[in-house]
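# Overview (structure and organization)
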Amino acid sequence: MVEVTVYTRDECPLCEDVLDAVARVAADVPIEQRVMNVDDDPALREEYGERVPYVFVDGVPKFKYRVTEEALRDAVRAARD
């Protein structure tokens, strides 16, 4: 199963948009979802700062700030193949 990890933070409207897109894709395509709040971890906060949301597909950075459902589905399919 392909893992989709979203690095996010509190009070982040773009993060909510990305999480919504990931949830819609997950309804159609089996993925393992992980959400990492950078505000909860000083090391992540240092690494990502304001550069969220950041989406990784199977450990590979794929999208920063925005992602469409179509682009995420394509990335998940490519990771499966």
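Up top is the structure.
Residues numbered from 1 in each chain as written. Predicted model: local features only at pLDDT ≥ 70, side-chain atom pairs only at ≥ 80, totals over all residues. Heavy atoms only, no water.

According to the stated counting rule, one finds one disulfide in the structure shown. Through a disulfide, Cys12 is tied to Cys15; the S-S separation comes to 2.2 Å. Disulfide Cys12 to Cys15: torsion about the S-S bond roughly 75 degrees, handedness right-handed. Since its relative accessible area comes to 11%, Cys12 is described here as buried. (Disulfide = S-S within 2.5 Å. Buried < 20%, exposed > 50% of the residue type's maximum accessible area, 1.4 Å probe, protein only.)

Moving on to the sheet that holds strand S1 (residues 2–8). Read across the open sheet, the four strands follow the order S2-S1-S3-S4; overall the sheet is mixed. The strands lining the two open edges of the sheet, one partner per strand, are strand S2 (31–37) and strand S4 (60–64). If you compare each strand with its neighbour and ignore which way they point, the axes differ by 25 degrees on average. The pairing of S1 with S2 spans seven bridges and is classified as parallel. Bridged to Val4 within S2 is Gln33. Sitting on the sheet, helix H1 (residues 13–28) is in contact with S1, S2 and strand S3 (54–57), with an inclination near 165 degrees to S2. (Pairing = 2+ DSSP bridges. Helix = DSSP H or I, 4+ residues; strand = E, 2+ residues; numbered from the N terminus. Axes fitted to C-alpha atoms, helices over the stretch in contact; angles between N-to-C directions. Contact = heavy atoms within 4.5 Å.)

What follows is about unusual backbone geometry. Following Val52, the chain continues to Pro53 via a peptide bond in cis, the omega torsion being 0 degrees. With respect to the helices and strands, the residue Pro53 is situated in the loop between helix H2 (42–48) and S3. A positive phi angle is found at Asp58, which is not glycine, with a value near 50 degrees. Tracing the backbone through its elements, the reader meets Asp58 in the loop between S3 and S4. Judged by its relative accessible area of 39%, Asp58 is partly exposed. Phi at Tyr65 is positive, roughly 80 degrees, even though this residue is not glycine. Secondary-structure assignment places Tyr65 in the loop between S4 and helix H3 (69–80). The exposure class of Tyr65 is partly exposed, given its relative accessible area of 35%.

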